[in-house]
Amino acid sequence: MKKVLIAEDDAFILDIATTKLTQKGFIVEKTADGNSVVPMLLELQPDILLLDLLLPNKHGFEILMDIRAHAELATLPVIVFSNETGLDIEEKAALYNAHYFFKALTGTGELVAKIEELLQ
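Heads up: these notes are all about the structure in this document. On a predicted model such as this, the values are computed, not experimentally measured, just so you know.

About the cut-offs
- Residues numbered from 1 in each chain as written.
- Predicted model: local features only at pLDDT ≥ 70, side-chain atom pairs only at ≥ 80, totals over all residues.
- Heavy atoms only, no water.
- Core = buried A, V, L, I, M, F, W, Y, C linked by side-chain atoms within 4.5 Å.
- Buried < 20%, exposed > 50% of the residue type's maximum accessible area, 1.4 Å probe, protein only.
- Helix = DSSP H or I, 4+ residues; strand = E, 2+ residues; numbered from the N terminus.
- Contact = heavy atoms within 4.5 Å.
- Polar contact = N/O pair within 3.5 Å; in protein donor to acceptor, adjacent residues only side chain to side chain.
- Pairing = 2+ DSSP bridges.
- Right-handed = clockwise from strand over helix to strand, strands pointing away.
- Arc of directions from axis to C-beta.

**Description of the nonpolar core**
Among soluble globular proteins, nonpolar side chains are generally buried collectively.
Consideration 1: If you look at the biggest cluster of nonpolar residues, it comprises 22 residues, and the most contacted ones within it are Val37, Leu41, Leu49, Leu51, Ile63, Leu64 and Ile67.
Consideration 2: For this core, the secondary structure elements donating two or more residues are β1 (3–7), α2 (37–44), β3 (48–51), α3 (60–69), β4 (78–82) and α4 (89–95).
Consideration 3: Tallying contributions element by element places α2 first for this core, with five residues.
Consideration 4: Contacts of Leu64, omitting those with residues within four sequence positions, involve Leu51, Val78, Val80, Tyr96 and Ala98.

**Some remarks on the side chain of Ser36**
Consideration 1: In this structure, Ser36 sits in the loop between β2 (27–31) and α2.
Consideration 2: Overall, Ser36 belongs to the buried group, its relative accessible area being 18%.
Consideration 3: Separated by 2.4 Å, the side chains of Ser36 and Thr31 make a polar contact.

**Some remarks on the pairing of β4**
Consideration 1: Judged by how many residues are buried, β4 sits mostly within the fold: five of five residues are covered.
Consideration 2: Going residue by residue along β4, you find Val78, Val80 and Ser82 tucked away on one face and Ile79 and Phe81 tucked away on the opposite face as well.
Consideration 3: Across three bridges, β3 lies against β4 in parallel orientation. Along β4, the bridge assignment pairs Leu49 with Val78.
Consideration 4: Running through α3, the crossover from β3 to the neighbouring parallel element β4 is right-handed.

**Examining α2**
Consideration 1: Within α2, the full set of buried residues consists of Val37, Val38, Met40, Leu41 and Leu44. All buried residues of α2 project into a common sector of 160 degrees when viewed along the axis, lining one side.
Consideration 2: Against β1, β2, β3 and α3 lie the buried residues of α2.
Consideration 3: The positive-phi residue at the C-terminal boundary of α2 is Gln45, with phi of around 50 degrees.

Have a look at this one:
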């Protein structure tokens, strides 16, 4: 089974994503704290990260920089999953080698399909 780490502080969005991914057979780990993302990645070694940008204690782009600086995490697929707005958000996510950008309220079916595609 493939393992997903979700870094999201919105309980509603986290619950929906967790439920849908679990139904599809993924093992789901979660955190709502930006400071815990990299340590959890190193410990749990998930196959993919769903990353909100607006997390307590550390912004998602700082987390992406930390991830790409670790040799063990440099190629980890990351999907930025956020409602942060701005003209350059998607471009900035791509700059940090995020594999895809979704608005957090995007349909979960589309999100799961993209995760399955990235992990094949």
